[in-house]
Amino acid sequence: MPIVHRLKGCLDNHHIQYESIPHRESHTALEMVDALRVLEKDLATVVKSVIVKVRDEFVMIILAASDKVDFTQLKAVMQTRPVRLATEEECQTLFPDCDPGNLPPFGKLYGLHVYADQALTQNEEIIMPSGTCRGAIRMRYGDFERLARPTVVPLRQLPVQGGRIMVKNLGVIERWIRVMLGSALLTAAIVMEWPVAGKVLVAGIGAVAFVTGVAQYCPAWRLLGINTCSRTTKG
């Protein structure tokens, strides 16, 4: 079944038009993006659900699959400091009929208040987890908002603007690998007797690896929501 019964019943009862999209098994938002073969220009239309515990209450955060929650902004919205990600065990308890990593963005079906990132309102349609690891749902954003009734506020980490300090997203090991690999490739491009095109290609790859390693920031990782600084942190 590509959509959990609870969600299907809710959508059908409210006469919401939607498309059920089967795909290969996925267990994270980015795996779903890959399974659906979403183009880069459409990444902002694929959403994920993040469960957060605020004081003694769980709430659902909805944002683009490639974005990360800005916890500083979230704490300001919640007007509290004790904010943390829910554990896998807590998510399984809250969503007993859903596959891990595939929580549909309708928290009210499970007794959770929903907060949606303001950037999502720019989409005419959104694609979301269906509650199963082998299905997604496409619907109009307006229909989602009318049914989910989220509190809409800015919640994502903003991209770098105009030369401001970039948020680091490369861990220590990856930074050193990039710096060493970049140095080796740049050296090879200089000393090896290769065709000019080969030298330019190797030098370009080396320069990108070296610069991103030194800067401790990779734009591609930012787009994909990857942050190896916190690779060992649960959630």
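Preceding this section is the structure that the text describes.
A brief report on the enclosed structure follows. None of the values given here were measured: they were computed from a predicted structure. (Residues numbered from 1 in each chain as written. Predicted model: local features only at pLDDT ≥ 70, side-chain atom pairs only at ≥ 80, totals over all residues. Heavy atoms only, no water.)

**Let's talk about the environment of His15**
Position of His15 relative to the elements: it lies in the loop between α1 (5–13) and β1 (18–22). Owing to a relative accessible area of 71%, His15 belongs among the exposed residues under this scheme. The spatial distance from the C-alpha of His15 to the C-alpha of Ala65 is 26 Å, given a sequence separation of 50 residues. (Helix = DSSP H or I, 4+ residues; strand = E, 2+ residues; numbered from the N terminus. Buried < 20%, exposed > 50% of the residue type's maximum accessible area, 1.4 Å probe, protein only.)

**Some words on the pairing of strand β3 (residues 57–64)**
With seven of eight residues buried, β3 is to be regarded as a mostly interior element. Where strand β2 (residues 47–54) meets β3, eight bridges bridge the pair, whose relative direction is antiparallel. Note that in β3 the partner of Ile51 across the bridge is Met60. Hairpin remark: β2 followed by β3, antiparallel, with two residues in the connecting loop; positive phi at Arg55, about 55°. (Pairing = 2+ DSSP bridges.)

**Side note on helix α3 (residues 71–78)**
Capping the start of α3 is the job of one residue whose side-chain oxygen sits 3.1 Å from the backbone nitrogen of Thr72: Asp70. Looking one or two places after α3, you find Gln79, whose phi comes out positive at around 55°. (Polar contact = N/O pair within 3.5 Å; in protein donor to acceptor, adjacent residues only side chain to side chain.)

**Things to note about the packing of helix α6 (residues 172–191) against helix α7 (residues 196–215)**
How two helices sit against one another is set out by the angle between their axes and by the gap between those axes. Interaxial distance between α6 and α7 falls to 7 Å at its minimum, and their mutual angle equals 155°. As far as their axial angle goes, α7 and α6 are roughly antiparallel. In this structure, α6 crosses over α7, and the sense of that crossing is left-handed. Here Arg175, Arg178, Val179, Gly182, Ser183, Leu185, Leu186, Ala189 and Ile190 of α6 lie close against α7, whose contacting residues are Lys199, Val202, Ala203, Ile205, Gly206, Ala207, Ala209, Phe210, Thr212, Gly213 and Val214. Its residues assigned to classes, the contact of α6 with α7 comprises 12 nonpolar, five polar and three charged. (Axes fitted to C-alpha atoms, helices over the stretch in contact; angles between N-to-C directions. Parallel < 35°, antiparallel > 145°, perpendicular 65-115°, else oblique. Left-handed = near helix turned anticlockwise from the far one by under 90°. Contact = heavy atoms within 4.5 Å. Nonpolar A, V, L, I, M, F, W, Y, C, P; charged D, E, K, R; others polar.)

**What to know about unusual backbone geometry**
One can expect most non-glycine residues to show negative phi and most peptide bonds to be in trans. Positive phi, normally seen in glycine, also occurs at His15, with a value near 55°. In this structure, Arg55 takes a positive phi of about 55° despite not being glycine. Relative to the elements of secondary structure, Arg55 occurs in the loop between β2 and β3.

**Here's the deal with the packing of aromatic side chains**
Considering all chains together, one arrives at three aromatic pairs under this definition. Consider the rings of Phe95 and Tyr110, whose centres lie 4.6 Å apart with planes at 45°: the pair is tilted. Taken together, the residues Phe95 in the loop between α4 (88–94) and β5 (113–117) and Tyr110 in the loop between α4 and β5 connect sequence positions 15 residues apart. With respect to burial, Phe95 and Tyr110 carry one shared label: buried. With a centroid separation of 5.7 Å and an interplanar angle of 50°, the aromatic rings of Tyr141 and Phe144 are classed as tilted. Note that Tyr141 and Phe144 are positioned in helix α5 (residues 141–148) at a spacing of three residues, about one turn of the helix. Phe144 shares its class with Tyr141; the two are buried. (Phe/Tyr/Trp six-rings, centres within 6.5 Å; stacked < 30°, edge-to-face > 60°.)

**Some remarks on the environment of Ala65**
Relative to the assigned elements, Ala65 resides in the loop between β3 and α3. With 33 residues separating them in the primary sequence, Ala65 and Met32 have C-alpha atoms 9.0 Å apart. Residue contacts for Ala65: discarding those within four places in its chain leaves Ala29, Leu30, Val33, Val46, Val47 and Lys48.

Interpretation in functional terms is not warranted from these geometric data alone.
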